[in-house]
There are 2 protein chains.
Amino acid sequence: MPTDIEIARAARLKPVTAIAETAGIPEQALNPYGKFIAKVDTAAIPDFDARPNGKLILVTAINPTPAGEGKTTTTVGLGDGLKRIGKNVVIALREPSLGPCFGVKGGAAGGGYAQIVPMEQINLHFTGDFHAITSAHNLLAAMLDNHIYWGNKLDLDARNIALRRVMDMNDRALRATVSSLGGNGNGYPREDGFDITVASEVMAIFCLARDLADLEERLGRIVVGRSRAKQPVTAAELKATGAMTVLLKDALMPNLVQTLEGTPAFVHGGPFANIAHGCNSVIATRAALKLADYVVTEAGFGADLGAEKFFDIKCRKAGLRPDAAVIVATVRALKMHGGAAKEALGQEDLHALQAGLANLARHVENIRKFGVPPIVAINNFTSDSHAEHELIRSFCRNHLGVEAVICRHWAEGGAGTEELAHKVAELAEGGDADFAPLYPDEMPLKDKLETVAREIYGAAGLSLGPRVAARFAELEAAGHGHLPVCVAKTQYSFSADPTLRGAPSGHLVPVRELRLSAGAGFVVAICGDVMTMPGLPREPAAERIHIDAQGQIEGLF
Amino acid sequence: MPTDIEIARAARLKPVTAIAETAGIPEQALNPYGKFIAKVDTAAIPDFDARPNGKLILVTAINPTPAGEGKTTTTVGLGDGLKRIGKNVVIALREPSLGPCFGVKGGAAGGGYAQIVPMEQINLHFTGDFHAITSAHNLLAAMLDNHIYWGNKLDLDARNIALRRVMDMNDRALRATVSSLGGNGNGYPREDGFDITVASEVMAIFCLARDLADLEERLGRIVVGRSRAKQPVTAAELKATGAMTVLLKDALMPNLVQTLEGTPAFVHGGPFANIAHGCNSVIATRAALKLADYVVTEAGFGADLGAEKFFDIKCRKAGLRPDAAVIVATVRALKMHGGAAKEALGQEDLHALQAGLANLARHVENIRKFGVPPIVAINNFTSDSHAEHELIRSFCRNHLGVEAVICRHWAEGGAGTEELAHKVAELAEGGDADFAPLYPDEMPLKDKLETVAREIYGAAGLSLGPRVAARFAELEAAGHGHLPVCVAKTQYSFSADPTLRGAPSGHLVPVRELRLSAGAGFVVAICGDVMTMPGLPREPAAERIHIDAQGQIEGLF
């Protein structure tokens, strides 16, 4: 089989105007960026807001393992499959981050015959959304230090600045810095540092905003630090939000691209899945729902983090009502959850597989707790055996009461997901969905977190020191008690211990710190190491990336 | 008269496809960015390289004063004037920098009825070129620190890193920093800092590169620092240039926009005019010359810096042969050069004007030293008197042997520059041009600098300490003696003292430092304070910039 990049290059892309036509987007609503990408101005689509919504399908996964699951690939494949069986479909995905392309990660636009294209542009600057977010964030930071420089009327405490700077780059040298050195003209030296752009609260806000006005209001609520009198100081008080909004104005329109099979896809926004909610923009998802009968979208990490945040943060805040959820698993990953070593994954191992199904089972049960009907997609690998597939299918049918469908989109494109597409359509049309978030807004923050820990992670409860307990009280007192919680913990386990695969129970979730994202509208609970600025590996991919003699980009994937 | 922004908004823009048609660019060569901007792939234009070149007209100016001259406005106005008299014309300008928009500067797309549009996009993210340059530069910086982190095989001396980081933002807090703090995982702490993106050597390289292959080669020559054995270490040795080139691939195509009168304009690249050469990209200028009979372009600062660098760096390196140069002056600025106070500029003052003409006279003589025929454009202000205009015209005719033409493009658009357009066309067609740089490649670096100081600045010579003398020798020994020099000094005077207006003579030019820009291909001679990262003022423009109730951007201009 050819490589991802060979497949992408061999593809004959349709002009974005043709893709727009497929999605029912009139030409006057298109702002093209090259021939195959366009930003869509939904305000230019007649009667847009009055249209009914299509069905919303979430693609999520078991806890990831080094074996890989293929969540984005399955999202793309399911979209193509739905199109093949005659459905009017739009896919909604996150934008890849630029920085990690130069590390180890490579691109993030699907794989095999289930890809979105043009993959080079999507993985590099795309339409500049992340650059705009970087600029808006760093303008706020510059205005903050400028405010201190010119007299500090707001009495900002330089020891308690919450806002860091951002760059879309893997650069560990910028994690912890001292800035404003060099004398009088450069300001007051203070501790500072950079996060990668996807970790910016501006990114999370961008992805949760309803429209430009809502964006501006949310930006104004960002708490940049506190005064020496311990009062929060906001971006609005720094008078930064108008200019930040101007910088984000064009970026806020969703980006339209296509799959290899010509299915329309919105690729828009991309917040971290740990300290933020890890889903594409609400604006893109809403636009897709107005345009299509079926919208397939995904959430970052496994379902314990990704689906939970999708439901409890994105759907709650945006009033979205998902109709079905696809849980992606692979035979290989399930065997790792059941104790198999990575080297042994090529051999049939029904024992390990049986044990590993506990991970899948808990995710299936969890999804049902939100009133969303689940279905399992087994992303086929050539090393899978028939007996392994049968074990999963019978376990799902008999013990979980869900269908498990073998998918071959990586090798076959949408033809490999037709069965899944039919089953998903049945499920979504079945009327079983009755979405509700896991906890109500009015539940206290600590109880919300405990609910997630018990109900979703199978934990016995929380473990928190006196400082975190005091911080809960402080946030409630400051009026943030109504916000949902956004858990930042390892994606590899239901617990906070990345080595605990399968379905651990009875553990305690250690809460180390609470961070307020007042603009995004959630409280982040840090439950483990959280890296907000990656580094480059010993031999970064950047060393191999180049343009070859034929003018084509090599090494990016 | 309406404001700049009111004029720009009232304009009916033509689709970029229509502008491309005017310029003879076929649709298959267009990569649109929205409806009114496109990147032009000249490789997709049939027989492009075989075409003859049009006439190249440089617009430069007297030394700037707080009174303003209107160089960009005149460039746009002259382009529109040439179009009105039936010439096939393309304008070539620099891209504005984003950071200064939020300080005091406002936009940089002309003014009055001589503007390029769409001005908001041009002044904000435009096609993302500067973001791409920022990314490429900072990838190199990340790879440098990553190299040190993983063992420092090249034995880079962390005390002698020449490469700083960049951001397109006015942010004084980033001028001097310490990076890689925070412990083992974050690297080895060292002094660091950020320049604004336009000060990046990557920007200068971007603007001097002939094509993608030349770009990559030049990027590889960037000296990022030196080893402990005092040997230069380059970007090529860090294996960064392939990935940097990939990041710059699309950006390297020139951006096509239009004037208010529908004249095609390439707006592409924008290096600093102090530590770099201050002109738009060679690629855009060359493309314009292939497409048009007349190309009007400009250079940063006054002619002592801007035109000199345009001729000695850009034209020398790119093999361009300018046909005429327009020197922009205003009655008000000339009166300031003659000693008038800013408050008194509204009153007729023939005495101050007569004295100030010395500044104009020297620039006219200087331009001739390059074998380029000059002409003077007086950018009209309503406070100018007829007698003042007549004094300039007769002085230019009788003492300098050049025409001085009164221009009213700010108030009247191209109709206000028809006379200038006719005179410029005559001059360019006259066959008087015989361009040659001021000094030959083989002249030693110090002699080159001394030649510029004596011939262009009217100086008695250079003043340099022993360290600078040694550095000249070091650069010669390292094989960089063939490079041109790029002077970084105040733009406000022929001397290094910004308060010395008019035409000072016999001064010494103090050379404080030499910096090698091996990739761009010049040696920077620092002759005064050079600010490579601006700050924000007490009340930054950003505080007023916002989107109004009608969805329009306010406060940007």
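All of these numbers come straight from a predicted model, not from anything done at the bench.

A. Focus on the overall build of chain A. When you go through chain A residue by residue, the secondary structure sums to 18 helices and 26 strands. Once the C-alpha set of chain A is aligned to its principal axes, its extents read approximately 70 × 55 × 50 Å. Looking at chain A as a whole, 63% of its 557 residues are labelled buried. When contacts within chain A are restricted to residue pairs at least 6 apart in sequence, those whose partners lie at least 24 apart make up 75%. As presented, chain A carries roughly 19,100 Å² of accessible surface, and 49% of it is formed by carbon and sulfur atoms.

B. How the structure looks around the packing of helix α13 (residues 350-368) of chain A against helix α14 (residues 386-400) of chain A. Residues and elements named next belong to chain A. Interaxial distance between α13 and α14 falls to 10 Å at its minimum, and their mutual angle equals 40°. As far as their axial angle goes, α14 and α13 are oblique. Pair α13 / α14 crosses with right-handed handedness. For the pair formed by α13 and α14, the contact residues are L350, L353, Q354, L357, L360, A361, V364, E365 and R368 on the first element and A387, E388, L391, I392, F395, C396 and L400 on the second. Each residue belonging to the contact of α13 with α14 can be placed in one class, and the counts come to twelve nonpolar, one polar and three charged.

C. Representation of the sheet that holds strand β7 (residues 156-161) of chain A. All names here are of chain A. The sheet built from three strands is open, its strands ordered β7-β12-β13 with antiparallel pairing. Every other strand in the sheet has two partners, leaving β7 and β13 (232-234) as the edge strands with one partner each. The mean inter-strand angle of the sheet, taken between neighbouring strand axes irrespective of direction, is 50°. In this structure, β7 lies alongside strand β12 (residues 223-227), joined through two bridges in antiparallel fashion. Across the sheet, residue I161 finds its bridge partner in β12, namely G225. Contacts from helix α6 (residues 129-149) reach β7 and β12 within the one sheet, and its direction differs from that of β7 by about 130°.

D. Region of interest: the state of the cysteines. According to the stated counting rule, one finds zero disulfides over all chains in the structure shown. Free cysteine: A:C486, not disulfide-bonded; nearest cysteine sulfur from A:C279 at 9.5 Å.

E. Fine view of the environment of A:R218. Residue and element names in this part refer to chain A. Within the secondary structure, R218 is located in helix α8 (residues 212-221). For the pair R218 and G521, spaced 303 residues apart in sequence, the C-alpha separation works out to 8.1 Å. Ignoring any residue separated from it by four or fewer positions in sequence, one finds R218 in contact with I205, L208, A209, G519 and A520.

F. Just the UniProt feature "binding site: ATP" (unreviewed entry) in chain A, in detail. Residues and elements named next belong to chain A. Per the UniProt record, "binding site: ATP" (unreviewed entry) is annotated on T65, P66, A67, G68, E69, G70, K71 and T72. Tracing the chain through its elements places G70 in the loop between β3 (55-61) and α3 (71-84). Not counting the four nearest positions on each side in its chain, G70 is found in contact with V328 and N379. By secondary structure assignment, the location of T72 is in helix α3. Not counting residues up to four positions away in its chain, the partners in contact with T72 are L93, A109, G110 and E298.

G. Broad picture of the relation of the copies chain B and chain A. Screw-axis analysis of chain B against chain A gives a translation of 0.0 Å along the axis, an RMSD of 0.0 Å, and a rotation angle of 180°. Taken together, the turn and the small shift mark the pair as related by a two-fold rotation axis. Within chain B, B:Y33 has its C-alpha nearest the rotation axis, a separation of 2.2 Å. A shared interface surface links the copies, since 100% of the contact residues of chain B are contact residues in chain A too.

H. Fine view of the nonpolar core. If you look at the biggest cluster of nonpolar residues, it comprises 314 residues, and the most contacted ones within it are A:I25 and B:I25. Setting aside anything within four residues of it in sequence, one finds A:I25 in contact with A:A20, A:L30, A:V40, A:I45, A:L256, A:F266 and A:L291. Among the nonpolar cores identified, the runner-up in size contains 34 residues, and B:I37, B:V76, B:I91 and B:A265 belong to it.

I. Molecular detail of helix α7 (residues 201-208) of chain A. Residues and elements named next belong to chain A. Of all eight residues in α7, eight are buried, a share of seventy percent or more. If you check which residues of α7 are buried, you get E201, V202, M203, A204, I205, F206, C207 and L208. The distance from a side-chain oxygen at the start of α7 to the backbone nitrogen of V202 is 2.9 Å, and the residue carrying that oxygen is S200.

J. Geometry of unusual backbone geometry. Residue A:P118 is reached from A:V117 by a cis peptide bond, and omega for that bond is 5°. Following the sequence through the fold, A:P118 ends up in the loop between β6 (114-117) and α5 (119-123). If you check the backbone angles, A:F301 has positive phi at about 60° while not being a glycine. With respect to the secondary-structure elements, A:F301 resides in the loop between β16 (294-298) and α11 (306-318). With a phi angle near 60°, B:S180 is a residue other than glycine that sits in the positive phi range. According to the relative accessible area criterion, B:S180 is buried, its value standing at 2%.

K. Looking closely at the domain arrangement of chain A. All names here are of chain A. Assigned domains within chain A: domain 1 (4-127 + 251-429), domain 2 (129-247) and domain 3 (445-527). Relative placement of domain 1 and domain 2: their C-alpha centres are 33 Å apart. Facing 29 residues of domain 1, the contacting portion of domain 2 comprises 20 residues. For the pair domain 1 and domain 2, the summed buried surface comes to about 2,000 Å²; carbon and sulfur atoms form 66% of the total. When the buried area of domain 1 at its contact with domain 2 is split by residue, A251, L252 and F272 rank highest and sum to 23% of it. Salt-bridge contacts for D129 lead to K39; the nearest nitrogen and oxygen are separated by 2.8 Å.

L. Seen up close, the pattern of salt bridges. If you walk through the whole model with that rule in mind, you get 56 salt bridges over all chains. Across the salt bridge formed by B:E261 and B:R84, the nearest N and O atoms sit 3.8 Å from each other. Within this pair, whereas B:E261 is found in the loop between β14 (255-259) and β15 (264-267), its partner B:R84 is found in helix α3 (residues 71-84), the two being separated by 177 residues in sequence. Take B:E261: its relative accessible area is 25%, and that puts it in the partly exposed class. The salt bridge partner of B:E217 is B:R221, with a shortest N-O separation of 3.5 Å. On the basis of relative accessibility, which here comes to 36%, the residue B:R221 falls in the partly exposed class. The network of salt bridges with common partners includes A:D145, A:R165, A:R190, A:D192 and B:D171.

M. Representation of the interface of chain B and chain A within the structure. In this assembly, 66 residues from chain B lie in contact with 66 residues from chain A. The contact between chain B and chain A buries some 5,400 Å² in all, and 65% of this surface belongs to carbon and sulfur atoms. For the interface between chain B and chain A, the tally reads two salt bridges. In this structure, A:D171 and B:R165 form a salt bridge, with 3.0 Å as the shortest nitrogen-oxygen distance.

Calculation criteria
- Residues numbered from 1 in each chain as written.
- Chains lettered and ligands numbered in written order.
- Predicted model: local features only at pLDDT ≥ 70, side-chain atom pairs only at ≥ 80, totals over all residues.
- Heavy atoms only, no water.
- Helix = DSSP H or I, 4+ residues; strand = E, 2+ residues; numbered from the N terminus.
- Buried < 20%, exposed > 50% of the residue type's maximum accessible area, 1.4 Å probe, protein only.
- Contact = heavy atoms within 4.5 Å.
- Areas by Shrake-Rupley, 256 points an atom, 1.4 Å probe, with all protein chains shown as cover.
- Axes fitted to C-alpha atoms, helices over the stretch in contact; angles between N-to-C directions.
- Parallel < 35°, antiparallel > 145°, perpendicular 65-115°, else oblique.
- Left-handed = near helix turned anticlockwise from the far one by under 90°.
- Nonpolar A, V, L, I, M, F, W, Y, C, P; charged D, E, K, R; others polar.
- Pairing = 2+ DSSP bridges.
- Disulfide = S-S within 2.5 Å.
- UniProt positions renumbered as here; feature names shortened; annotations may be inferred.
- Least-squares fit on C-alpha atoms with pLDDT ≥ 70 in both.
- Core = buried A, V, L, I, M, F, W, Y, C linked by side-chain atoms within 4.5 Å.
- Polar contact = N/O pair within 3.5 Å; in protein donor to acceptor, adjacent residues only side chain to side chain.
- Domains from an automatic or database assignment.
- Buried area = accessible area lost by both parts, 1.4 Å probe.
- Salt bridge = Lys/Arg side-chain N within 4 Å of Asp/Glu carboxyl O.

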